[in-house]
Amino acid sequence: MSDWTRGRRRDANNSEVENRSCGPSRGSNCRKRGIDGSLRANREVDGSGGEKGEHTDGSSKHSDKRHDGFTTPESTGPVSRCSRQADWGSQVDDDEEMRRGVHRDMQRYRRRILGAEVTQRERKTSSGSSGSCDSKEGDHMETDEAVLLRRQKQINYGKNTLAYDRYIKEVPKHMRQSGVHPKTPNKFRKYSRRSWDQQIKLWKVKLHGWDPPTEGGQDNVLDNIEELGLGDVMDIELDFPNLPDSQNAPTTHSISLDGEDCLGTPVKVQKTESTVEPEMA
Amino acid sequence: MENTDDYRIQSFDLDTQMLLKTALKDPSSVNLEKVSDIIVDQSLKDQVFSKEAGRICYTIVQAEAKQNNGTFRRNVLNRLQQEFKKREETRGRSLQEWVCYVTFICNVFDYLKVNNMPMVALVHPVYDCLIRLAQPDALINEEEVDCLVVQLHRIGEQLEKVNGPRMDQLFFLLRDGFLLQEGLTSMTRLLLLEILEFRAGGWVLSGTAHKYYYSEIAD
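Bear in mind that the values here come from a model prediction, so they are computed numbers and not experimental data. (Residues numbered from 1 in each chain as written. Chains lettered and ligands numbered in written order. Predicted model: local features only at pLDDT ≥ 70, side-chain atom pairs only at ≥ 80, totals over all residues. Heavy atoms only, no water.)

A. Region of interest: the overall build of chain A. Secondary structure summary: chain A contains seven helices and two strands in total. Mapped in sequence order, the helices and strands of chain A form the string α-β-β-α-α-α-α-α-α. Across the 281 residues in chain A, those meeting the buried criterion constitute 45%. Relative to all contacts within chain A whose residues are 6 or more apart in sequence, the contacts with residues 24 or more apart total 75%. Of the roughly 15300 Å² that chain A leaves accessible, carbon and sulfur atoms contribute 50%. (Helix = DSSP H or I, 4+ residues; strand = E, 2+ residues; numbered from the N terminus. Buried < 20%, exposed > 50% of the residue type's maximum accessible area, 1.4 Å probe, protein only. Contact = heavy atoms within 4.5 Å. Areas by Shrake-Rupley, 256 points an atom, 1.4 Å probe, with all protein chains shown as cover.)

Shown next, in the form of structure tokens:
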């Protein structure tokens, strides 16, 4: 079989997840599981309020039937599930779990939104103020399954890291400050493809601030961000105009953060006063 | 489900038939790895069985899902994957086995869905198989062409939905084969022309085309 077909199949099987926070092999300490398949400690279960759309996802739960790590003929021992699923059985199991998870999330989100809307309405009628635009959020949520699945996969890659684990242990929900602490993008909100991808990138960059220390010394990503004067930029919820997915994000400067071996992809950050350059064809 | 004739298990010995019938009703009571191996092995040998083996797989998968189990499905898929890896070798050894394999994997693709969606993991492998069947050295063999068009009739529309570009790629090959390849039998050309028209009509054959291809010619 040609290399081309092999490559394409891999892409299809792993959907459009280009931003893998499971990074290069050197960054194995970023993964939620070591190469020997040993599981990290259990995460806290998602409780009340706080981030919308954030739930314990399928990748952290272990249905009884699944092994924590599995041995493939090529490997010498159990292989981390974070790595590419080679066998069709697991791929299908995981895919099914993710779809189910997304449907479950959608129902919970709807209920949550409806609940919030009712409370808001009650509050408004009692105080006599006029309605705000938020009350109709339930009508404008993203429901396209393909989109939700793709977004969920991207979120999973970010959550399936030691950094995320350490983060949620260290900073309980009620202590989180917006802007300072990473917040999982809400997959049920309508965003353009580019906007969403950028939110994911920025979220993962922020999460790297909680990476476990490496031998080479850990540069705090958040320090880097402040140094580069990007602190304000990181807080802006980027909402790009609706352009076709095939175009790349227009940037005038491309800044890769140093010392971050775990970053799978270089991060492009847009300066607020930049001018948009036309894409090179 | 009670009519097990649908599953074409008559070719098995009685003990195996018993095992399969039990698996259909109560998967957790049997060794599902063994059952999946039996089914896969038979599908590779028996053309009649391979044409509908997906259905028996479907029933067992449904039954085991109710028992919160996924062993059977996982095993079938992994066996399929193993066979996929050595498909070229299989084809070299026995055209019949190769054709049985393609029939089986397409059948599984047809029947086993995940939340009513086709299994993503199978899409490219199925395409790889069909595209292999459209290669010049395969179009020469009527049994391979026959397999190809039969599968396209069954799952072509679904396949196109999940990946249009590869279907286009396949049909480029079919057009080329039909137009340019020497040494094709007239039956092969007929099959190719029919499938070209079939897809062009949106995976439906027009009434007149149907008459052309499928009516008996009264003499």
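Further notes follow.
B. Local environment of the overall build of chain B. Looking only at helices and strands, one finds twelve helices and two strands in chain B. Order of helices (α) and strands (β) in chain B, N terminus to C terminus: α-α-α-α-α-α-β-β-α-α-α-α-α-α. Here chain B holds 219 residues, and 52% of them are scored as buried. Sequence separation of at least 24 residues holds for 66% of the intrachain contacts in chain B that already meet a minimum separation of 6.

C. View of the packing of aromatic side chains. One pass over the full model with this rule turns up eleven aromatic pairs over all chains. Note on Trp 88 of chain A and Phe 84 of chain B: the rings are 5.6 Å apart at their centroids and 50° apart in plane angle, and the pair reads as tilted. One end of the pair, Trp 88 of chain A, is in helix H2 (residues 88–127); the other, Phe 84 of chain B, is in helix H4 (residues 71–85), on a second chain. We note that Trp 88 of chain A, like Phe 84 of chain B, is buried. Considering the side-chain rings of Phe 12 of chain B and Phe 49 of chain B, the 5.2 Å spacing of their centres and the 90° angle between planes classify their relative orientation as edge-to-face. In this pair, Phe 12 of chain B sits in the segment before helix H1 (14–25) while Phe 49 of chain B sits in helix H3 (residues 47–66), placing the two residues 37 residues apart along the sequence. (Phe/Tyr/Trp six-rings, centres within 6.5 Å; stacked < 30°, edge-to-face > 60°.)

D. Quick peek at the packing of helix H9 (residues 142–162) of chain B against helix H11 (residues 186–200) of chain B. Residues and elements named next belong to chain B. The geometry of H9 relative to H11 is characterised by a closest axis approach of 9 Å and an angle of 5° between their N-to-C directions. Of the possible angle classes, the one that applies to H9 and H11 is roughly parallel. Contacts from Glu 142, Val 145, Asp 146, Val 149, Leu 152, His 153 and Glu 160 of H9 reach H11 at Met 187, Thr 188, Leu 191, Leu 192, Glu 194, Ile 195, Phe 198 and Arg 199. A per-class count over the contact of H9 with H11 returns eight nonpolar, two polar and five charged. (Axes fitted to C-alpha atoms, helices over the stretch in contact; angles between N-to-C directions. Parallel < 35°, antiparallel > 145°, perpendicular 65-115°, else oblique. Nonpolar A, V, L, I, M, F, W, Y, C, P; charged D, E, K, R; others polar.)

E. How the structure looks around the interface of chain B and chain A. If you look at the interface, chain B gives 26 residues, while chain A gives 22 residues. Contact with chain A buries area across many residues of chain B, yet Arg 74, Asn 115 and His 124 of chain B alone supply 26% of it, more than any other trio. Counting the contacts that link chain B with chain A gives three salt bridges. The shortest N-O distance in the salt bridge between Glu 96 of chain A and Arg 73 of chain B comes to 2.8 Å. On inspection of chain B and its partner chain A, the count reaches seven residue pairs in polar contact (both at pLDDT 80 or more). Listing elements by their share of the side of chain B that touches chain A, those giving two or more residues are H4, helix H6 (95–111), helix H7 (120–133) and helix H10 (164–180) of chain B. Considering each element in turn, the side of chain B that touches chain A owes the most residues, seven residues, to H4 of chain B. Here the residues of the side of chain B that touches chain A are counted per class, giving 13 nonpolar, eight polar and five charged. (Buried area = accessible area lost by both parts, 1.4 Å probe. Salt bridge = Lys/Arg side-chain N within 4 Å of Asp/Glu carboxyl O. Polar contact = N/O pair within 3.5 Å; in protein donor to acceptor, adjacent residues only side chain to side chain.)

F. View of the pattern of salt bridges. Overall, the coordinates contain 26 salt bridges over all chains when judged by the stated rule. A salt bridge links Arg 99 of chain A to Asp 95 of chain A; the shortest N-O distance between them is 3.0 Å. Of the two residues, Arg 99 of chain A and Asp 95 of chain A both sit in helix H2, four residues apart, roughly one turn of that helix. For Arg 99 of chain A, a relative accessible area of 6% translates into the label buried. Asp 95 of chain A sits in the buried class, given a relative accessible area of 11%. With a shortest N-O distance of 3.0 Å, Arg 132 of chain B and Glu 88 of chain B are connected by a salt bridge.

G. A look at the nonpolar core. Ile 39, Tyr 101, Leu 130, Leu 152 and Leu 174 of chain B are the most contacted members of the largest nonpolar core, which has 70 residues in total. Sequence-distant contacts of Leu 174 of chain B, defined by excluding residues within four places in its chain, comprise Ala 134, Leu 148, Leu 152, Leu 192, Ile 195 and Leu 196 of chain B. (Core = buried A, V, L, I, M, F, W, Y, C linked by side-chain atoms within 4.5 Å.)

H. Seen up close, the confidence of the model for chain A. All names here are of chain A. Per-residue confidence for chain A averages 65 on the pLDDT scale, and 41% of its residues sit at or above 70. The secondary-structure element of chain A with the lowest mean pLDDT is strand E2 (residues 78–79), recorded at 44, while helix H5 (residues 193–207) shows the highest, at 94. Counting contacts from residues 4–26, a segment whose pLDDT is below 50, to residues more than four positions away or on other chains yields 61 contacts. Taken as a whole, residues 74–81 scores under 50 in pLDDT and shows 23 contacts with residues more than four places along the chain or in a different chain. (pLDDT = per-residue confidence, 0-100.)

I. Molecular detail of unusual backbone geometry. All names here are of chain B. Unlike most non-glycine residues, Asn 68 shows phi in positive territory, near 60°. When you line up the elements, Asn 68 lands in the loop between H3 and H4. Even without being glycine, Trp 203 reaches a positive phi, approximately 65°. Within the secondary structure layout, Trp 203 lies in the loop between H11 and helix H12 (207–214). Judged by relative accessible area, Trp 203 falls into the buried class, the value being 7%.

J. Region of interest: the packing of helix H3 (residues 145–159) of chain A against H5 of chain A. Residue and element names in this part refer to chain A. It is at 10 Å that the axes of H3 and H5 come closest, and there the two elements cross at 10°. Judged by the inter-axis angle, H3 sits roughly parallel to H5. Across from Arg 150, Arg 151, Gln 154, Ile 155, Tyr 157, Gly 158 and Lys 159 in H3, the residues of H5 making contact are Arg 193, Trp 196, Asp 197, Ile 200, Trp 203, Lys 204 and Leu 207. Its residues assigned to classes, the contact of H3 with H5 shows six nonpolar, two polar and six charged.

K. Quick peek at the state of the cysteines. All names here are of chain B. In total, this model carries zero disulfides over all chains according to the counting rule given. No disulfide involves Cys 106; its sulfur sits 6.6 Å from that of Cys 147, the nearest cysteine. Between Cys 129, a cysteine without a disulfide, and Cys 106, which holds the nearest cysteine sulfur, the sulfur-to-sulfur distance is 6.7 Å. (Disulfide = S-S within 2.5 Å.)

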